[in-house]
Amino acid sequence: MGISFTVLSSGSTGNATVVRNEDTTLLIDAGLSAKRIDELLKERDLSGEELDGILVTHEHSDHVKGLGAMARKYNLPIYANEKTWFAISNAVGQIADDNRRILETGATREFESLRVESFGISHDAAEPVGYSFYDGAEKLSVATDLGYVSDKVKQAISDADVLVLEANHDVEMLRMGRYPWNIKRRILSDIGHLSNEMAGAILSELLTGRTKRTYLAHLSRDHNMMELAKMTVRDAMEDRGCFYKDSEFRLCDTYYDRPTPWDKVSEP
Ligand SMILES: O=c1ccn([C@@H]2O[C@@H]3COP(=O)(O)O[C@H]3[C@H]2O)c(=O)[nH]1
């Protein structure tokens, strides 16, 4: 079967992604109400009963809003590093001791045949992480909520067959937008969010021929549009000499209000 995934919802109104293979199904973040996550799972013919655990990237509410409720409703273990556990302790409510699992940044954990690696990212949270998933030779990487892509992150996500990468904002739209200047500065900073241009620059370095598609994620509803994001990413790649035909590499959409279709990592 290999790795399949669906981005259930992406953006500052709530983030959740399902990654599964033949023996394991994991939820990455639970940033919407449990009721909404249940609805989104149902849209992809899945139920919370089928989940084996929840991996947390960081403590911001758009990533943990429904975390405690999902864990309690389905008796799910939650995996997060120690600093993130500390940061979510109030928001998450009562969690059974057995469901409080530590997955330290940089650590690898095998969920039967699905291997998960966490890697540190740069964001204004206690100890934010992204995740890579491996099944045999297949690799899927998920990296959102990062202001800057370090060499370590590049290494962690390089050679992924499929990548879910943040393209949060168009810099001009953000500059001209309605947010107060201190928030704009924070979003533009190294611990903020990746712009479309930065996402394209990273992809131009990462595309070695193995990565077949990238889902552009966590788009700002105020300061971005999917078509603009795709155009800017593509232009940024071409400016750096990285040309591709759609048959070799594709940019794919994520949505804040509906799940992406199931995607099999092994498919071309
Ligand atoms: O001090 C701050 C600065 C920013 N933010 C978030 O960053 C997000 C960037 O994408 P967005 O435009 O969809 O939404 C923005 C906000 O949700 C925040 O919550 N607090």
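The model shown is predicted, which means the values in this text are computed figures rather than measured ones.

(A) Structural context of the site of the ligand. What surrounds the ligand is the set Ser-12, Asn-168, Tyr-179, Ile-183, Arg-186, Ile-187, His-193 and Ser-220. The side chain of Ser-12 places a nitrogen or oxygen atom 2.7 Å from an oxygen atom of the ligand. Measuring from an oxygen atom of the ligand, one finds a side-chain N or O atom of His-193 at 3.3 Å. Taken together, the residues of the shell around the ligand sort by class into three nonpolar, four polar and one charged.

(B) Spotlight on the sheet that holds strand 2 (residues 16–20). The strand order 6-5-4-3-2-1-14 describes an open sheet built from seven strands, whose pairing is mixed. Looking at strand neighbours, the two that pair on one side only are strand 6 (100–102) and strand 14 (263–264), the edges of this open sheet. When strand 3 (residues 25–28) meets strand 4 (residues 53–55), the two strands line up parallel, connected through three bridges. By the bridge assignment, Leu-27 is partnered in strand 4 with Ile-54. Those strands touched by helix 4 (residues 82–92) are strand 5 (78–80) and strand 6, and its axis lies near 135° from that of strand 5.

(C) Representation of helix 1 (residues 34–43) in the model. For helix 1, every residue scored as buried is listed here: Ala-34, Ile-37, Asp-38, Leu-40 and Leu-41. Along the long axis of helix 1, the arc covered by the buried residues comes to 165°, so they all point the same way. Exposed residues pointing more than 90 degrees away from the buried face of helix 1 are listed as Lys-35 and Lys-42. One or two steps after helix 1, the chain reaches Asp-45, where phi turns positive at roughly 55°.

(D) Structural context of the confidence of the model for the protein chain. With 100% of its residues at a pLDDT of 70 or more, the protein chain has an overall mean of 97. The complex model carries a pTM of 0.97, and its ipTM stands at 0.91.

(E) Main features of the packing of helix 1 against helix 3 (residues 67–74). At a minimum axis separation of 8 Å, helix 1 and helix 3 run at an interaxial angle of 65°. Of the possible angle classes, the one that applies to helix 1 and helix 3 is roughly perpendicular. Between helix 1 and helix 3, the contacting residues are Ala-34, Ile-37, Asp-38 and Leu-41 on the first element and Ala-69, Met-70, Lys-73 and Tyr-74 on the second. Here the contact of helix 1 with helix 3 is composed, by residue class, of six nonpolar, no polar and two charged.

Rules used in this analysis
- Position numbers for residues start from 1 in each chain and track the written sequence from start to end.
- Local features in this predicted model are restricted to residues whose pLDDT is 70 or higher, and side-chain atom pairs enter the listing and the counts only when it is 80 or higher, whereas totals over whole chains, interfaces and linings include all residues.
- Side-chain metrics in this entry use all non-hydrogen atoms of the structure; hydrogen atoms and water are not considered.
- By convention in this text, a residue qualifies as near a molecule or strand provided that one of its non-hydrogen atoms is within 4 Å of it.
- We define a polar contact as two N or O atoms separated by no more than 3.5 Å, with the added condition that, inside protein, one atom must be a possible hydrogen donor and the other a possible acceptor, whereas residues neighbouring each other in sequence contribute only through side-chain atom pairs.
- Lys, Arg, Asp and Glu make up the charged group, whereas Ala, Val, Leu, Ile, Met, Phe, Trp, Tyr, Cys and Pro make up the nonpolar group; the residues left over, Gly among them, are polar.
- In this scheme, strands are said to pair when DSSP sees at least two bridges between them.
- Numbering of helices and strands runs from the N terminus, with a helix taken as a DSSP run of H or I at least four residues long and a strand as a DSSP run of E at least two residues long.
- The contact definition used throughout considers only heavy atoms, calling two residues in contact when any of these lie within 4.5 Å.
- To get an axis, fit a line to the C-alpha atoms, keeping to the stretch in contact for a helix; angles then go from 0 to 180 degrees between the N-to-C directions.
- In this scheme, a residue with accessible area under 20% of its type's maximum is buried, one over 50% is exposed, and one in between is partly exposed, where area comes from a 1.4 Å probe on protein chains only.
- This arc is taken over the directions from the axis of the helix to the C-beta atoms.
- Within a predicted model, pLDDT stands for the predictor's per-residue confidence, ranging from 0 to 100.
- Geometric relationships in this document are graded by angle, where less than 35 degrees denotes roughly parallel, more than 145 denotes roughly antiparallel, 65 to 115 denotes roughly perpendicular, and other angles denote oblique.

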